[in-house]
Amino acid sequence: MKAARLKKKEGLCPFNPGYLKLLLAVQGMSLGKGVAEEVGFTLSTRRGVAGGVDLILPGDLWVNVPVDKTTTEKSPYCLEKKKGGYFLTGYGNEIKVEPVRQPHFYERVTSKGTPFYQIAALHGGSVYISPTNRCQFFDDDLNCRFCDEKKTFYPIAREFISVEEILEIIEVAFNEGVADSVDFNIGYFDTEDRGISFLEPYINAVKRNFDTIVAVDAQPPKSNKWIDKTYAMGVDKLSYHMEIFDMEVFDSLCPGKAKEIGWERYVEALKYAAGVFPSGAVSSNLIIGLEAPASTMEGIDLLTGIGVVPILPIFRPIEGAALEVTLPDMDEMSAILAHLYSSVKASSINMTWSKNISTYMTPLEGRYFSGDDAKLQVVMQNIYKTKIGGKAVRSIAGLRRRLKVKEVEDSFESSGL
Ligand code: SF4
């Protein structure tokens with residue numbers, strides 16, 4: 001109802017890729033006859049919290065669209081195959097889109113016999129890899145209440161995946177041409193460094209074997225020296241996800257993060273990391289729907305004020321995670337996204353690092369809600385995406401890091417760590 005009202009008010013709704021991404025992420029879509037088979041989408045190989053089907057919308061916007069019956073029951077959207085390609089139909093309109101086919105690498109197995117899809121997932125040109133099968137918060141029932149361990153970390157028999165297997169997966173995914181960067185995702189480690197030393201051999205091996213960008217999603221370490229070390233070991237992008245700005249809601253929905261790390265440590269570590277990594281390379285999630293819209297906007301301002309890029313996933317219920325949430329209406333969500341764009345822009349943070357993320361709304365996508373077309377940022381993002389542009393960015397990043405590594409080595413030597 002609200003969405004229909006927005007469409008009428010905006011007139012543009014189905015043709016504004018930003019609005020369309022938002023609507024699809026919330027409402028989902030059904031799949032026309034034979035489409036699931038055509039795009040190679042099978043439920044048995046779905047990975048990650050997102051699950052749904054990735055679509056590329058006009059404007060090169062990627063969106064992960066839920067296709068499960070519960071979410072899509074009332075959705076008017078349907079993905080159909082017609083003469084000339086795939087079309088999204090809904091609200092009496094039709095728009096050409098490109099479904100991202102399930103990559104072939106999902107069908108392969110590692111040399112130790114583990115199916116690739118149990119270790120890695122493809123999201124918007126990045127291979128997301130969890131070299132471990134668990135987050136230690138689940139051991140003590142301290143997991144984030146919106147998280148399902150079985151969806152985030154595939155339940156494989158072995159606790160850790162070898163470096164060799166990870167390299168096999170990346171090589172196949174890169175050769176298939178579906179990915180050009182790597183994102184390591186680990187849950188909570190009950191150690192001083194929160195797991196970054198565990199990741200180091202994987203990061204070193206990837207950097208040695210591929211000319212690529214490496215991102216890490218982890219928890220803030222106890223001391224800032226580990227943040228220096230994270231940058232020195234070759235990580236290009238770093239995320240410590242706060243998830244929620246409101247401290248009370250944070251304490252109740254993220255009991256492990258609250259008890260073992262603390263809201264303040266997230267802010268402190270993010271601020272420090274933003275001073276070490278290049279502009280735009282440090283980010284944090286704020287999940288739309290878990291707190292009041294005004295609170296999310298305050299969180300956006302806090303993050304941009306310390307040089308961090310806020311990334312906004314939209315809450316999506318996960319089967320098995322008992323949490324009832326009412327999402328803000330479309331007008332409120334649009335206001336949050338317009339605010340995201342203007343807040344990041346006013347802080348002069350580089351918006352171009354967050355490319356093609358299908359599961360989140362990025363600051364650059366917020367431009368569709370703000371009336372600012374952000375031409376230069378879009379041109380820069382497109383340059384980064386080309387092979388030559390990407391190489392140039394990585395060369396500059398490499399030089400910047402070499403200068404920093406010397407400092408970090410000196411400080412670790414003097415501290416005896
Ligand atoms: S830190 Fe929270 S969101 Fe991340 S894997 Fe653990 S329980 Fe899930």
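See the structure above.
Because the structure is a prediction, the values reported are computed rather than measured.

Calculation criteria
Residues numbered from 1 in each chain as written. Predicted model: local features only at pLDDT ≥ 70, side-chain atom pairs only at ≥ 80, totals over all residues. Heavy atoms only, no water. Helix = DSSP H or I, 4+ residues; strand = E, 2+ residues; numbered from the N terminus. Buried < 20%, exposed > 50% of the residue type's maximum accessible area, 1.4 Å probe, protein only. Contact = heavy atoms within 4.5 Å. Areas by Shrake-Rupley, 256 points an atom, 1.4 Å probe, with all protein chains shown as cover. Salt bridge = Lys/Arg side-chain N within 4 Å of Asp/Glu carboxyl O. Expected span 1.5 Å × (residues − 1). Pairing = 2+ DSSP bridges. Axes fitted to C-alpha atoms, helices over the stretch in contact; angles between N-to-C directions. Core = buried A, V, L, I, M, F, W, Y, C linked by side-chain atoms within 4.5 Å. Domains from an automatic or database assignment. Lys, Arg positive; Asp, Glu negative; His and termini not counted. Polar contact = N/O pair within 3.5 Å; in protein donor to acceptor, adjacent residues only side chain to side chain. Phe/Tyr/Trp six-rings, centres within 6.5 Å; stacked < 30°, edge-to-face > 60°.

Asker: Can you tell me about the overall build of the protein chain, naming the residues and giving the values?
Answerer: Within the protein chain one finds 16 helices and 14 strands. The buried share of the protein chain, taken over its 417 residues, is 58%. Considering only contacts within the protein chain whose residues lie at least 6 apart along the sequence, 73% involve residues at least 24 apart. When the accessible surface of the protein chain is totalled, it reaches about 18,000 Å², and 54% of it is carbon and sulfur.

Asker: Explain the pattern of salt bridges to me, using residue names and the numbers behind them.
Answerer: A side chain with one charge can pair with a side chain of the opposite charge if their charged atoms come near. For the coordinates displayed, the defined rule picks out nine salt bridges. Here Lys21 ties to Glu365 by a salt bridge, and the two come within 2.9 Å at their closest N and O atoms. One end of the pair, Lys21, is in helix α2 (residues 17-27); the other, Glu365, is in the loop between β14 (360-361) and α14 (367-370), and 344 residues separate them in sequence. Like Glu365, Lys21 is buried.

Asker: Summarise helix α11 (residues 263-276); cite the residues concerned and give the values.
Answerer: Across its 14 residues, α11 extends 21 Å between first and last C-alpha, which sits within 8% of the 20 Å expected from 1.5 Å per residue. Along α11, the residues that are buried comprise Trp263, Arg265, Tyr266, Val267, Ala269, Leu270, Ala273, Ala274 and Val276.

Asker: Please give an account of the sheet that holds strand β9 (residues 181-185) that cites residues and values.
Answerer: The strand order across the open sheet built from eight strands is β7-β8-β9-β10-β11-β12-β13-β14, with neighbouring strands paired in mixed fashion. The open sheet has two edge strands with one neighbour each: β7 (120-123) and β14. Lying on the sheet, helix α6 (residues 163-176) is in contact with β7, β8 (126-129) and β9; it crosses β8 at an angle near 160°. With respect to the sheet, helix α12 (residues 293-305) is in contact with β12 (282-285) and β13 (309-313), its orientation differing from that of β13 by roughly 150°.

Asker: I'd love a proper account of the environment of Glu107, names of residues and values included.
Answerer: By secondary structure assignment, the location of Glu107 is in the loop between β6 (93-99) and β7. With a relative accessible area of 58%, Glu107 lands in the exposed category. A C-alpha to C-alpha distance of 7.2 Å links Glu107 and Tyr117, two positions 10 residues apart in sequence.

Asker: I'd like a rundown of the sheet that holds strand β1 (residues 30-31), residues and numbers included.
Answerer: In space, the six strands of this open sheet follow the order β1-β4-β5-β6-β2-β3, with mixed pairing throughout. The sheet terminates laterally at β1 and β3 (61-65), the two strands that pair on one side only. The pairing of strand β2 (residues 53-57) with β3 spans five bridges and is antiparallel. Paired with Ile56 across the strands is Trp62, a residue of β3.

Asker: Let's hear about the nonpolar core: which residues, and what values?
Answerer: Counting residues in hydrophobic clusters, the biggest one holds 121 residues, and the most contacted among them are Leu24, Met29, Leu55, Phe105, Phe146 and Phe184. Taken domain by domain, the makeup of this core includes at least three residues from each of domain 1 (2-99) and domain 2 (104-395). Residues within four places of Leu24 in sequence aside, it is in contact with Met29, Leu55, Leu57, Val63, Val65, Pro66, Tyr77 and Leu88.

Asker: Explain helix α8 (residues 225-232) residue by residue, including any values.
Answerer: Residues of α8 that are buried: Trp226, Ile227, Asp228, Thr230 and Tyr231. Note on α8: the residue one or two positions beyond its end, Gly234, has a positive phi of about 120°.

Asker: Help me get a handle on the side chain of Glu291, residues and values and all.
Answerer: Summarising the element assignment, Glu291 is placed in the loop between β12 and α12. Buried and without a salt bridge, Glu291 has Lys257 as its closest oppositely charged side chain, separated by 12 Å. At 2.9 Å, the side chain of Glu291 and the backbone nitrogen of Phe245 are in polar contact. A polar contact is formed between the side chain of Glu291 and the backbone nitrogen of Asp246, at a distance of 2.8 Å. Excluding residues within four positions of it along the chain, Glu291 makes contact with Glu243, Ile244, Phe245, Asp246, Leu286 and Thr296.

Asker: Residue-level account of the packing of aromatic side chains, with values.
Answerer: Aromatic rings considered in pairs are described by the distance between their centres and by the relative angle of their planes. All chains considered together, the criterion is met by 13 aromatic pairs. Plain terms: the ring middles of Tyr19 and Phe369 are 4.7 Å apart, the flat faces sit at 65° to each other, and that makes the pair edge-to-face. Note that Tyr19 is positioned in helix α2 and Phe369 in helix α14, a separation of 350 residues in sequence. According to the relative accessible area criterion, Tyr19 is buried, its value standing at 7%. Overall, Phe369 belongs to the buried group, its relative accessible area being 10%. Residues Phe250 and Tyr266 carry aromatic rings whose centres are separated by 5.9 Å and whose planes lie at 75° to one another, so their mutual orientation is edge-to-face. With Phe250 in helix α9 (residues 247-253) and Tyr266 in helix α11, the pair connects residues that are 16 residues apart, well separated along the chain. Of the two residues examined, Phe250 and Tyr266, each falls in the buried class.

Asker: Hey, could you go over the environment of Ile314 for me, with residue numbers and the actual values?
Answerer: Looking at where Ile314 falls in the secondary structure, it is placed in the loop between β13 and α13 (330-346). When its relative accessible area of 12% is taken as the criterion, Ile314 is described as buried. Sequence-wise, Ile314 and Pro328 are 14 residues apart; in three dimensions their C-alpha atoms are separated by 9.9 Å. Sequence-distant contacts of Ile314, defined by excluding residues within four places in its chain, comprise Leu22, Ala25, Val26, Ile287, Ile288, Leu327, Met333 and Met361.

Asker: Help me get a handle on the environment of Asp180, residues and values and all.
Answerer: Here Asp180 lies in the loop between α6 and β9. C-alpha separation for the pair Asp180 and Ile213, spaced 33 residues apart in sequence, amounts to 7.7 Å.

Asker: So what about the side chain of Ser283? Which residues, and what values?
Answerer: With respect to the element layout, Ser283 can be found in strand β12. On the accessibility criterion, Ser283 (13% relative accessible area) is buried.

Asker: Any chance you could break down the pairing of β6 for me, citing the residues and the numbers?
Answerer: The sheet contact formed by β2 and β6 spans two bridges and is antiparallel. Considered in β6, the bridge of Leu55 is made with Pro99. Pairing of strand β5 (residues 85-90) with β6, which is carried by five bridges, proceeds in the antiparallel orientation. Paired with Gly90 across the two strands is Asn93, which belongs to β6.

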